[in-house]
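# A closer look at the structure
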Number of protein chains: 2
Amino acid sequence: MTEIMQELEEIVGDRASASPGERCCYTGDASQIVGMPDFVVRPQSTSQVSRILRLCSKKLISVTARGAGTGLAGGCSPVKGGLVLDMSGMNRILEIDIENQQVIVEPGVVAEKLNSALKPYGFFFPPDPGSLAMCTIGGMISYNSSGMRCVKYGTVRNYVLNLEVVLADGRVIHTGKKVLKSSAGYDLTRLFVGSEGTLGIITQAGLKIAPLPNTRKLILACFDEAEIAGQAVIEIFSNGITPSACEILDRTTLQVLKLCDPLLAIPEEGDIILFEVDGTESSTSEAAGQISEICQITAKSVRIASGREMDSIWVARRLVGAAISRLDPTKTRIYMGEDVGVPIKEIPALIKKVQQITTKLDIPAMKYGHIGDGNLHVALFIDVMIEEQWQKLRLAADRIHRAAMELGGTVSSEHGIGLVRAQYLPEQVGTETFSVMQSIKNALDPHGILNPGKMGL
Amino acid sequence: MTEIMQELEEIVGDRASASPGERCCYTGDASQIVGMPDFVVRPQSTSQVSRILRLCSKKLISVTARGAGTGLAGGCSPVKGGLVLDMSGMNRILEIDIENQQVIVEPGVVAEKLNSALKPYGFFFPPDPGSLAMCTIGGMISYNSSGMRCVKYGTVRNYVLNLEVVLADGRVIHTGKKVLKSSAGYDLTRLFVGSEGTLGIITQAGLKIAPLPNTRKLILACFDEAEIAGQAVIEIFSNGITPSACEILDRTTLQVLKLCDPLLAIPEEGDIILFEVDGTESSTSEAAGQISEICQITAKSVRIASGREMDSIWVARRLVGAAISRLDPTKTRIYMGEDVGVPIKEIPALIKKVQQITTKLDIPAMKYGHIGDGNLHVALFIDVMIEEQWQKLRLAADRIHRAAMELGGTVSSEHGIGLVRAQYLPEQVGTETFSVMQSIKNALDPHGILNPGKMGL
């Protein structure tokens, strides 16, 4: 141990630690999964990361990379001990290249900071997870994050042009180029996107950026039942309309929002869909009109909001995940079964199944999420001091995961597999497909030192 | 040989052949690279493909998959003999699912046929290579094809949701789901996209489709020099405008088009950029106005076209590659150095370099292509009977490839590496990155039977 600490100090000076206090700060993410690392290292350059990995490879020390720790799947929890690589110190925006519509960043850059830097140029980085204000680009790439606007703009996968990656043995590779398209060899860039730190450590990324739309408008449609709301969404997409966001907030979610902000201009009852459209003034008016028209057939009420009213609704929407404690302060939200996704057509069926599951188990649930791309966030909350409630929660989460898979869907749309969902991956993808993932893992990380155990690999 | 033919006949009946006549039909694609296969097999189902691969794996027979043979990189040329797997017989559109905005197709479906089938629903499959009328979806996936509208809509990579793939040993795997987004394990779907048949044989694909735009408008801007045209493109993108196509046609290309159709409404002199914008009536008018305004600063002339005039210009544009023989019937276009791409900002520099190279070597060249995503097609044409002209051509192509790499670009934007560009891949991506590609190839195809030699793997 002391010998390894010495070697680490040679590489990063005082940015390595084995003190219990520091190690305790790096036990996990925003899920309930924890593990105690043996070392914490905060590198500041690619060459430091490379030297650290060469050392860990030689000594067979596990390496778990960590961004802001906002993950929800235990992805950066060092469950096999070893070394946590805190990448948040590599947080420089290296280049803003408007003419090429791209930026080069280090992995520790916080997403919102990137957007603040791009705003004066009239550009933005479209993926917008709920944790936008805290999460790092490196974490977003590692979990293929998305968020509300992905329904129009796509996930992180669509925005990574190139990567610098340090492999398990310390070799530094570069994938992709500064070009917007290329057909030259295997798409290693996208192999690393979503690989959860199990194939290499991302030390730099070239990202595509997009022009900020001139105008945004919000359509609030309120329905008697979430299932009917789901049908309206299908109808809108079938008509060839692509909103820039399409979110569902069920009645429980509305209650929570009202408790947080009694003045918020949202309906009192029912389940609502928020459609956002963006573009030019005229095109947004046109699309907003079409959406209203379709919703009016089945909705209780439809309303168009813009400007400050729209902003306040979005702020509230972003707080939903955290605000849930207002409903019952004795209960805590547990992130399990919270990120399933299905084909759009199956959304009404998924909503119905989730309702049945939570009602039968008598477990409070809030349903919200990115219904436009089939991603339903189910917030289950329990009194964590009562073991029986934990049992019900685990059962509910398991049934929700299985319901999504039965409907041809995925156990995770944007939060990742990590440890929380590792047991479902072989089932979802099939054992043969899973074995291909394993053979790729073995090819790139033969000693299995990179984030071991995650995704079941 | 006879024994293998017997086994093949057991699998596919009379859809296997070893006759010299049939084998001759399968020697290559639209490039100059040829090879003679030992067998030709035309499977009709996944299970047939699986059985064929199990046989080939056991007997160590090379397998080269082939779609329509429209490739330009020698990708389906069986240069190591073995078996050509003609996938064009697996050409069923299995499902059109408008509510989920996706289709399921077999790999032999011709792209234009898919679009014809989607048109009544108001949808389309956006990637549009020049060979749209002939090329197959399987080929498009294997080379990550794109085309004119990729500048707005993205390449094939963005449209493949899931794949059925037969691995070298005959195992059948499924990647992805019917969901629009998923963060569940390695992105094997995109690993197969662009892998040129070296990792597995695609037997089925789930594709995302997009709503057809209501309106399209075309802006023709004519410039004194191609370099100035390139600057105007950069200016438009920096202003946050995303055209649905952005094509350059240099003065030689214009001459060719005029020879083909003297009535075509295009300028007589200069280099032109065709900008297409699509969307609603109002948004296209707005964008067309903005583009015209920016171009007017440096252009000789700017004009907006729509309807039949626009259609006739696009038809002519699509014929460019083939029409080149009109300029000089003794010369043939050779597809080498024809698909380079650079960051948008470097387009003027690339155009200048290409001009210098072709002028110095005194080799006729037509420059056209998807300038909006940095992809310049250089059409070099020579008298193929004169060896000296071949030498000049090879030198010109080599210099063009190196010029693109020096500008941070790619030797192939959309045609693929195949054999034509295999020598450049390690140089472009770096030897360490190339070795990662090799280790993935070894992991999935340990005996190297799948399309051997392609991409240098």
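What comes next concerns the included structure. Please read these numbers as outputs of a predicted model, since none were measured by experiment. Starting from 1, residues in each chain are numbered consecutively following that chain's sequence as written. Whichever chain is written first is A, and whichever ligand is written first is 1; the rest continue in order. Per-residue local features of the predicted model are confined to residues with pLDDT of at least 70, and side-chain atom pairs are confined, for both listing and counting, to 80 or more; whole-chain, interface and lining totals are unaffected and use all residues. Side-chain metrics in this entry use all non-hydrogen atoms of the structure; hydrogen atoms and water are not considered.

A run of H or I in DSSP counts as a helix once it spans at least four residues, and a run of E counts as a strand once it spans at least two, with each numbered from the N terminus. Along the chain, Glu-286 of chain B turns up in helix α10 (residues 281-296). Sequence separation of Glu-286 of chain B and Thr-2 of chain B is 284 residues, and the distance between their C-alpha atoms is 67 Å. Excluding residues that lie within four positions of it along the chain, Glu-286 of chain B makes contacts with Thr-280 and Ser-282 of chain A. Here a residue-residue contact requires only that any non-hydrogen atoms of the pair lie within 4.5 Å.

Here the focus is the pairing of strand β5 (residues 93-97) of chain B. By this definition, two strands are paired if DSSP reports at least two bridges between them. Summarising the sheet, β5 of chain B and strand β6 (residues 102-105) of chain B pair through 4 bridges and their orientation is antiparallel. In the sheet register, Ile-93 of chain B faces β6 of chain B, and the bridge partner there is Val-105 of chain B.

This part is about the interface of chain A and chain B. Counting from both sides, the interface comprises 80 residues of chain A and, opposite them, 80 residues of chain B. Buried area counts how much accessible surface, traced with a 1.4 Å probe, disappears from two parts once they are put together, with both parts' losses summed. Across the interface of chain A and chain B, roughly 6500 Å² is buried in total on both sides, 57% from carbon and sulfur atoms. Summed over the three residues of chain A that lose the most area to chain B, namely Lys-181, Ser-183 and Tyr-186 of chain A, the buried surface amounts to 15% of that side. Salt bridge, as applied in this entry: a Lys or Arg side-chain nitrogen positioned within 4 Å of an Asp or Glu carboxyl oxygen. On inspection of chain A and its partner chain B, the count reaches 10 salt bridges. With a closest N to O distance of 3.2 Å, Asp-97 of chain A and Lys-345 of chain B form a salt bridge. Here a polar contact means two N or O atoms within 3.5 Å. Within protein one must be a hydrogen donor candidate and the other an acceptor candidate, and residues neighboring in sequence count only if both atoms are side-chain atoms. In this structure, the connection of chain A to chain B is made through 39 residue pairs in polar contact (both at pLDDT 80 or more).

Before going further, it helps to examine the packing of aromatic side chains. Two measures describe an aromatic ring pair: the distance that separates the ring centres and the angle between the ring planes. Two aromatic rings from Phe, Tyr or Trp, using only the six-membered ring of Trp, form a pair when their centres are within 6.5 Å; if the ring planes differ by under 30 degrees the pair is stacked, by over 60 it is edge-to-face, and anything between is tilted. Under the defined criterion, the tally for this structure stands at 4 aromatic pairs over all chains. On the numbers, 5.4 Å between centres and 85° between planes, the contact of Phe-124 of chain B with Tyr-153 of chain B is edge-to-face. Of this pair, Phe-124 of chain B sits in strand β7 (residues 123-124) while Tyr-153 of chain B is found in helix α6 (residues 150-153), placing the two residues 29 residues apart along the sequence. Tyr-153 of chain B matches Phe-124 of chain B in its accessibility class, with the two residues each being buried. Counting as a charge over the ring demands two things of the Lys NZ or Arg CZ atom: a distance within 6 Å of the ring centre and an angle within 35 degrees of the ring normal. Sitting above the plane of the Phe-124 of chain A ring, Arg-216 of chain A keeps its charged end 6.0 Å from the centroid. Three exposure classes are used, based on accessible area relative to the maximum for each residue type with a 1.4 Å probe and protein chains only: buried under 20%, partly exposed in between, and exposed over 50%.

Let us now look at the sheet that holds strand β5 (residues 93-97) of chain A. Sheet strands pair via backbone hydrogen bonds, and the direction of the pair is either parallel or antiparallel. Residues and elements named next belong to chain A. The strand order β5-β6-β10-β8-β9 describes an open sheet built from 5 strands, whose pairing is antiparallel. This sheet does not close on itself; its edge strands, each paired only once, are β5 and β9 (172-176). Pairs of neighbouring strands in the sheet enclose a mean axial angle of 10°, with direction left out of account. Strand direction decides the pairing type here: strand β6 (residues 102-105) and strand β10 (residues 201-208), joined by 4 bridges, are antiparallel. Paired with Gln-102 across the strands is Lys-208, a residue of β10. Against the sheet, helix α4 (residues 111-118) touches β5, β6 and β10, its axis set at about 40° to β5. The convention used is that axes are lines fitted to C-alpha atoms, helices contributing only their stretch in contact, and that angles between N-to-C directions extend from 0 to 180 degrees.

Residues and elements named next belong to chain B. Taken as a whole and assessed by the stated rule, the structure comprises 61 salt bridges over all chains. With a closest N to O distance of 2.7 Å, Asp-187 and Arg-190 form a salt bridge. When sorted by exposure, Asp-187 lands in the same class as Arg-190, which is buried. A salt bridge links Asp-224 to Lys-300, with the shortest nitrogen-to-oxygen separation between them at 3.9 Å. Of this pair, Asp-224 sits in the loop between β12 (215-223) and α8 (226-238) while Lys-300 sits in the loop between α10 and β15 (301-305), and the two are 76 residues apart along the sequence. Among the residues examined, Asp-224 registers a relative accessible area of 48% and is labelled partly exposed. For Lys-300, a relative accessible area of 42% translates into the label partly exposed.

Structurally, Ala-287 of chain A is set in helix α10 (residues 281-296). When the C-alpha atoms of Ala-287 of chain A and Gly-200 of chain A are compared, they prove to be 43 Å apart, with 87 residues separating the residues in sequence.

This brings us to the sheet that holds strand β3 (residues 63-66) of chain B. All names here are of chain B. Read from one edge to the other, the open sheet built from 4 strands follows the order β1-β2-β4-β3, with strand pairing classed as mixed. Looking at strand neighbours, the two that pair on one side only are β1 (16-17) and β3, the edges of this open sheet. One ladder, built from 3 bridges, connects strand β2 (residues 39-41) with strand β4 (residues 83-86); its direction is parallel. Bridge pairing links Val-40 to Val-84 in β4. Helix-sheet contacts for helix α3 (residues 46-59) involve β2, β3 and β4, and the interaxial angle to β4 is about 170°.

Turning to unusual backbone geometry, a few remarks are in order. All names here are of chain B. In this structure, Leu-60 is a non-glycine residue whose phi angle is positive, near 55°. As for its placement among the helices and strands, Leu-60 is situated in the loop between α3 and β3. The phi dihedral of Glu-196 falls on the positive side, at around 55°, and the residue is not glycine. The class of Glu-196 is buried, set by a relative accessible area of 2%.

Here we come to the relation of the copies chain A and chain B. Of the transformation placing chain A onto chain B, the axial shift is 0.0 Å and the rotation is 180°, giving an RMSD of 0.0 Å. The superposition operator between the copies reduces to a two-fold rotation axis. The superposition of copies rests on a least-squares fit of C-alpha positions from residues with pLDDT of 70 or more in both.

For a helix, the expected span equals 1.5 Å multiplied by the number of residues minus one. With 16 residues, α10 of chain B should reach 22 Å at 1.5 Å per residue; the first-to-last C-alpha distance of 22 Å fits that figure. Every buried residue belonging to α10 of chain B is among Ser-283, Thr-284, Ala-287, Ala-288, Ile-291, Ser-292, Ile-294 and Cys-295 of chain B, and all of these are buried. Seen from one end, α10 of chain B has its buried residues packed into an arc of 165°, which puts them on one side. With respect to the buried face of α10 of chain B, the exposed residues turned more than 90 degrees away are Glu-293 and Gln-296 of chain B. Buried residues along α10 of chain B sit in contact with α10 of chain A together with β12, α8, β14 (271-279) and β15 of chain B. Comment: arc refers to directions from the helix axis out to C-beta atoms.

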